[in-house]
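So you can see what is in the structure, the chains are spelled out below.
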2 protein chains.
Amino acid sequence: MTEVVIAGIGQTAVGEHWEISLRELALYATEAAIQDAGGLRPQALFVGNMLSPILSKQAHLGALLADFTGLTGIEAVAVEAAGASGGAALRQGYLAVASGLVDAVLVVGVEKFNDVVGAEIDSALATSSDSDFEAIQGMTPTSQAALLMRRYMHEYNVPSDGLAGFPITAHANGVGNQYAMFQKAIKPETYAKAGMISEPLNMFDMAPNADGAAALVLTRAELLPHDFHHPLVRIAGSALASDTLALHDRSDPLYFEAVHLSTGKAIKQAGITLDQIDLFEYFDAFSIYAAIELESAGLAIRGQGWKLAAEGEIAMNGRLPCATLGGLKARGNPGGATGVYQAVEATLQLRGQAGANQIPDARYAMVQSLGGPASTAVTHILQRMD
Amino acid sequence: MTEVVIAGIGQTAVGEHWEISLRELALYATEAAIQDAGGLRPQALFVGNMLSPILSKQAHLGALLADFTGLTGIEAVAVEAAGASGGAALRQGYLAVASGLVDAVLVVGVEKFNDVVGAEIDSALATSSDSDFEAIQGMTPTSQAALLMRRYMHEYNVPSDGLAGFPITAHANGVGNQYAMFQKAIKPETYAKAGMISEPLNMFDMAPNADGAAALVLTRAELLPHDFHHPLVRIAGSALASDTLALHDRSDPLYFEAVHLSTGKAIKQAGITLDQIDLFEYFDAFSIYAAIELESAGLAIRGQGWKLAAEGEIAMNGRLPCATLGGLKARGNPGGATGVYQAVEATLQLRGQAGANQIPDARYAMVQSLGGPASTAVTHILQRMD
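Residues numbered from 1 in each chain as written. Chains lettered and ligands numbered in written order. Predicted model: local features only at pLDDT ≥ 70, side-chain atom pairs only at ≥ 80, totals over all residues. Heavy atoms only, no water.

Section: the overall build of chain A
Counted only if it meets this: Helix and strand definitions here come from DSSP, where helices need a minimum of 4 consecutive H or I residues and strands a minimum of 2 consecutive E residues; each element is numbered from the N-terminal end. Atoms counted for the radius of gyration: C-alpha only. Globule rule: 2.2 Å times the number of residues to the power 0.38. Any two residues whose heavy atoms approach within 4.5 Å are treated as being in contact. We treat Lys and Arg as the positive residues and Asp and Glu as the negative residues; His and chain ends play no part in the count. Think of each charge as sitting on NZ of Lys, CZ of Arg, CG of Asp or CD of Glu.
When helices and strands are counted, chain A shows 13 helices and 11 strands. Against the compact-globule benchmark of 21 Å for 386 residues, chain A has a radius of gyration of 19 Å, which places it among compact chains. Principal-axis analysis of the C-alpha atoms places the extent of chain A at approximately 55 × 45 × 40 Å. Residue pairs at least 24 apart in sequence account for 78% of intrachain contacts in chain A once pairs closer than 6 positions are excluded. Within chain A, the 40 negative side-chain charges are centred at a point lying 3 Å from the centre of the 23 positive side-chain charges.

Have a look at this one:
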């Protein structure tokens, strides 16, 4: 098997970029990643994007971004799997290099929510759920997450501020990330007083839709110079799994089967056990997703995922640090770019370049992106090679 | 290198399916393909689709279709490259099997234009061109093709009915294809009298937007039984290339550089020369595309592509049969499904299952899908193995 490594990483600040276009965001992240990879020129581009055809009236992002980033002519396609689009693009890039048919690929996640405002975004986001049976009833991903959260709290007798640990951890970690949308810690009282979005889900239980782009250059290890200027990070495991699109089609809505499947496959491919993971970049688009994800991945007993956050076990100095550079909640959630941001951040950790947020001696990172309530789950295990 | 073969093919009739939903179309094609593959169960699904997020308000097609076709849980993503989406999905499926990490994949192309009507479709189609610089001026793919056609006819002194050979060939071949939207031949007089869409492009110079789904099952040759019930067809060459999205960014608009690049790579990988190709499923979304494609692929001298059609060289009994089961013009053009239909049809030819339209002793087929004016070009060389 070909060893696939991450040769370069790049990212823009996450936020509301009213003055920067989608293609420019992608360009900035790409330039940074190619420079970080020592100028390695990719032969293929995989774009992770969720909503550009609707929000920016721009599809065909593969060709557009290949050309705009100065790579005119190379293989280029867009990959879509709702919120997991960035993770899915990374998976396609991995498969391309692993096939031995492509030497180096560029993976770009890019999203621009702020071309439009308000209800238009909600309507666009709802295209990731079942249009004929969910969206048509007026359901949005947020209202669905609120239903999930209520059911979870009911089943497991979770107190009203039981999930507060997720946003508190995220915001604490966002302080050390210069690219994060929110670089300010929050207190438990702030969470307790926060306005409700869709009861019991408050404004801190959901990550903000944001603009941003992140990029990765992947290649085969043997194509890099022996004195490569970064510690080498390889993709030790890669897996994507799906589940029903509609939540009502599941016998157990409080368990993410696709998380279970993709985590198991990726861990098995990496040849490790879950307790060897040094950090976990989970997908906290909603606090409730993070709780169920920890449980479905096998990192918490069912009904106890929220306690890992409440008891500090996922904090920077905890047993399993999560969302180490702010997660979706504090870094921001730029849709199809998010999965690529997660991999960029995990790479920073494994290289020892995470600054104030560095997890000491990090060797294995698990990165997981979800589309909808884990209708898609993509899991990657990244490993520092030396 | 792993040998990737086409184990199963399936397709629905192409047409206006007002009464069948997108997911049902995908299901019918999938069931046919899996049955044709002897029940082989795929572990991954690559969906080629162009406009469902806009026209059907349904994104996240990977998870949706994996579940709806009874494959809940498998790896599943959507791939988008405008009109080349189907070809691009085939390319991703090929890479996945070639990597050795996935044993069998399902490639489904599906499109449903007839969820909406009229201007909404034109506006959606325009998202495949450059939104900021082309679509915003009111340009649609059809009006752009008309400009290209006018320039081509001017540069090369082509008579007013010079391109008639393309639709005449397509319609002649559609007669023998039970899945084609139009199964009726047309006469030169019919072309000459046809109403103009955007001068000089008339209603026969463009393929009809249609609904349909086609599917392929790919696997490694060694995983099939020795007495497999179909002649084996392998993917001997696979390549995808890009070009500028905006036509005005090209120094020579009458040459499709991405066609040149992807044809060259695919032919080289297959280890053959162009004159070994027995049939060519080109991308006649517009007559002018077919003419320029023949030239850019190296199958005609520049300015002479139209003569191949006019002089019968691409007819069923000609030197290089093209659009052998009707092409986009007569079979119909169901957007992201089209590239998969092309591969299904080429497989029928190579297996000797093309009925009245059979090309005798066909051994090599070239299949090419375009996104926009070849802003994306995907080329596959299929080969009968025995």
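Thoughts on the domain arrangement of chain A
Residue and element names in this part refer to chain A. How we decide: Domain delimitation follows an automatic or database domain assignment. When two parts are brought into contact, each loses some accessible area as probed by a 1.4 Å sphere; the total of that loss over both is the buried area. A pair is scored as a salt bridge if a Lys or Arg side-chain nitrogen falls within 4 Å of a carboxyl oxygen belonging to Asp or Glu. Whenever a nitrogen or oxygen atom comes within 3.5 Å of another N or O atom, the pair is scored as a polar contact, on the condition that within protein one atom can donate a hydrogen and the other can accept it, and that pairs from neighbouring residues in sequence are kept only if both atoms are in side chains.
Parsing chain A into structural domains produces domain 1 (4-117 + 209-223) and domain 2 (124-208 + 236-384). The centre of domain 1, based on its C-alpha atoms, is set 22 Å off from the matching centre of domain 2. Taken residue by residue, the interface counts 43 residues in domain 1 and 37 residues in domain 2. Carbon and sulfur atoms supply 68% of the area buried between domain 1 and domain 2, which totals about 3,000 Å² over both sides. Ranking the residues of domain 1 by area buried against domain 2 places Q11, V14 and N209 at the top, with a combined share of 23%. With a shortest N-O distance of 3.0 Å, R351 and D36 are connected by a salt bridge. Counting across the domain 1 and domain 2 interface gives 11 residue pairs in polar contact (both at pLDDT 80 or more). Mapped onto the side of domain 1 that touches domain 2, the elements with two or more residues apiece are β1 (4-11), α2 (52-55), α4 (85-98), β4 (104-111) and β7 (212-220).

Observations regarding the pattern of salt bridges
The line we're drawing: Exposure classes here rest on a 1.4 Å probe applied to the protein chains alone. A residue is buried below 20% of its type maximum, exposed above 50%, and partly exposed in between.
The tally for this structure, following the rule as stated, stands at 32 salt bridges over all chains. The residue R302 of chain B makes a salt bridge to D252 of chain B at a minimum N-O spacing of 2.8 Å. Residue R302 of chain B is located in the loop between α10 (287-296) and α11 (305-310), and its partner D252 of chain B is located in the loop between β8 (233-242) and α9 (257-270); the two are separated by 50 residues in the primary sequence. Given the relative accessible area of 35%, R302 of chain B is considered partly exposed. A cluster of three or more residues bridged by salt bridges with shared partners is formed by R23 of chain A together with D130 and D132 of chain B.

What to know about the interface of chain B and chain A
Accessible area lost during the coming together of the parts is what is often quoted as the interface size. In this complex, chain B contributes 56 residues to the contact, which on the side of chain A involves 56 residues. The tally of links between chain B and chain A comes to 6 salt bridges. D132 of chain A is paired through a salt bridge with R23 of chain B; the nearest N and O atoms lie 3.5 Å apart. If you look at where chain B meets chain A, you find 28 residue pairs in polar contact (both at pLDDT 80 or more). When contributions to the side of chain B that touches chain A are tallied by element, the ones reaching two or more residues are α2 (52-55), α3 (61-68), β3 (75-80), α4 (85-98), β8 and α9 of chain B.

Remarks on the relation of the copies chain B and chain A
Our working definition: We place the copies in one frame by least squares, fitting the C-alpha atoms of every residue whose pLDDT is at least 70 in both.
Each copy superposes on the other: chain B lies on chain A with an RMSD of 0.0 Å after a rotation of 180 degrees and an axial shift of 0.0 Å. Such a combination of rotation and displacement between the chain copies is what one expects of a two-fold axis. The position closest to the rotation axis in chain B is occupied by the C-alpha of S99 of chain B, lying 1.8 Å away. Here 100% of the interface residues in chain B have copies in chain A that are interface residues too; the copies meet face to matching face.

A closer look at the packing of helix α1 (residues 22-36) of chain A against helix α3 (residues 61-68) of chain A
Residues and elements named next belong to chain A. Filter applied, for reference: Only C-alpha atoms enter the line fits that serve as axes; for helices the fit covers just the stretch in contact. Angles between N-to-C directions range over 0 to 180 degrees. For this classification, under 35 degrees means roughly parallel, over 145 means roughly antiparallel, 65 to 115 means roughly perpendicular, and everything else is oblique. Throughout, a crossing is termed right-handed when the near helix is turned clockwise from the far one, and left-handed when it is turned anticlockwise from it by less than a right angle. In the scheme used here, Gly and all other residues not listed as nonpolar or charged are polar, with Ala, Val, Leu, Ile, Met, Phe, Trp, Tyr, Cys and Pro taken as nonpolar and Asp, Glu, Lys and Arg as charged.
Contact geometry for α1 and α3: axes closest at 9 Å, N-to-C directions at 55 degrees. It follows that α1 is oblique to α3 by the angle criterion. As for the relative orientation of α1 and α3, their crossing is right-handed in sense. Where α1 abuts α3, its residues L22, R23, E24, A26 and L27 lie against L61, L64, L65 and F68. A class-by-class count of the residues in the contact of α1 with α3 yields 7 nonpolar, no polar and 2 charged.

Let's talk about the environment of R331 of chain B
All names here are of chain B. Structurally, R331 can be placed in helix α12 (residues 327-331). Using a relative accessible area of 0% as the deciding quantity, one classes R331 as buried. Separated by 150 residues in the primary sequence, R331 and M181 place their C-alpha atoms 5.0 Å from one another. Ignoring anything within four residues of it in the chain, the contact list for R331 reads V14, N177, Y179, A180, M181, L325, G326, T338, Y341, Q342 and E345.

Observations concerning the pairing of strand β3 (residues 75-80) of chain A
All names here are of chain A. To keep it simple, the criterion reads: Two strands pair under a simple rule: DSSP has to find at least two bridges between them.
Most of β3 sits inside the fold, with 6 of its 6 residues counted as buried. Along β3, one buried face is formed by E75, V77 and V79 and the opposite face, lined by A76, A78 and E80, is buried too. Inspection of the sheet shows strand β2 (residues 44-48) paired to β3 by 5 bridges, in the parallel sense. Within β3, the position partnered with A44 by the bridge is E75.

Structural notes on the nonpolar core
The line we're drawing: Here, nonpolar core means buried Ala, Val, Leu, Ile, Met, Phe, Trp, Tyr and Cys residues that are tied together by side-chain atoms lying within 4.5 Å of each other.
Among the nonpolar cores identified, the biggest contains 88 residues, and V105, L216 and L218 of chain A together with V105, L216 and L218 of chain B are the most heavily contacted of them. When sequence neighbours within four positions are dropped, the list of residues in contact with V105 of chain A reads P42, A44, F46, G93, A96, V97, L216, V217 and L218 of chain A. Counting 58 residues, the second-largest nonpolar core is a separate cluster that includes Y152, M153, F166 and A290 of chain B.

Overview of helix α10 (residues 287-296) of chain A
Residue and element names in this part refer to chain A. α10 sits mainly inside the fold: 10 of its 10 residues count as buried. For α10, the secondary structure elements touched by its buried residues are α6 (141-155), α7 (165-174), α9 (257-270), β9 (279-281), α11 (305-310) and β10 (364-371). Positive backbone phi, at 90 degrees, marks G298, one or two positions downstream of α10.

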